[in-house]
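# Reading the structure
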Amino acid sequence: MSPTCCGFSAFSNRLLWREDVHLALPATHPLAAEPSVDVRRLADELLLVGSVEYDSMAARLLLDACYSVGVKPRITTALPHQEVRLALVAAGFGIAVLPASNQSLVTAIGITSRPLTPPLVMTIAAVWPATGLVPSAQHFIKVARSFETGPRIDGGAGL
């Protein structure tokens, strides 16, 4: 990020939490029976993403991991709404990626969430002008940092 972006000469930042990236699969998909999914097994899968140019950090991490081992997943037309992507996963039209904390969104609709091998981890941080934060933003940072005090969010209980 540029040190003179948006009219501010400097920025401050703070790590908020780390979170695993999971794969959303139809419950009947053969990979759903695995405890985790190796990214090398995604070569023939149709990956539902939000945008080809700009997608979530989770999708970017997955694509980078795939490309690093020579796997080029088939990417579908951009579907900007996560709810639409998940509905299509449930209907068996592909797979999607999501943060582990979002796995509660998928369990009731015929989707299985699986971690990836190698594990993919997102780092969530806040960035703000060095001039400071308003009180409500300070409170948000305090609450968000409480996630860091516990274990990394891996999709287990706690969220």
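All values derive from a computational prediction rather than experimental measurement.

The biggest cluster of nonpolar side chains holds 29 residues, and the ones touching the most others in it are Leu23, Leu42, Leu62 and Leu116. Residue assignment for this core shows that the elements contributing at least two residues are strand E1 (11-26), helix H1 (57-68), strand E7 (121-129) and helix H3 (135-145). With six residues, H1 is the largest single contributor of residues to this core. For leucine 42, the residues in contact, after removing those within four places along its chain, are Leu23, Leu31, Val37, Leu62, Cys66, Val71, Pro73, Ile95 and Leu116.

What follows deals with unusual backbone geometry. Of the consecutive residues threonine 117 and proline 118, the connecting peptide bond is found in the cis state with omega at 0°. Tracing the backbone shows proline 118 in the loop between strand E6 (111-117) and E7.

The next thing to look at is H1. With 12 residues, H1 should cover 16 Å at 1.5 Å per step; its first-to-last C-alpha distance of 16 Å lies within 8% of that length. Those residues of H1 lying buried are Ala58, Ala59, Leu62, Leu63, Ala65 and Cys66. Projected onto a plane normal to the axis of H1, the buried residues spread over an arc of 160° and lie on a single side. Contacts from the buried residues of H1 go to E1, strand E3 (46-47), strand E4 (74-75), strand E5 (96-99), E6 and E7. Trailing H1 by a residue or two, glycine 70 shows a phi angle of about 80°, which is positive.

What counts and how
Residues numbered from 1 in each chain as written. Predicted model: local features only at pLDDT ≥ 70, side-chain atom pairs only at ≥ 80, totals over all residues. Heavy atoms only, no water. Core = buried A, V, L, I, M, F, W, Y, C linked by side-chain atoms within 4.5 Å. Buried < 20%, exposed > 50% of the residue type's maximum accessible area, 1.4 Å probe, protein only. Helix = DSSP H or I, 4+ residues; strand = E, 2+ residues; numbered from the N terminus. Contact = heavy atoms within 4.5 Å. Expected span 1.5 Å × (residues − 1). Arc of directions from axis to C-beta.

This is a description of form; function is not addressed.
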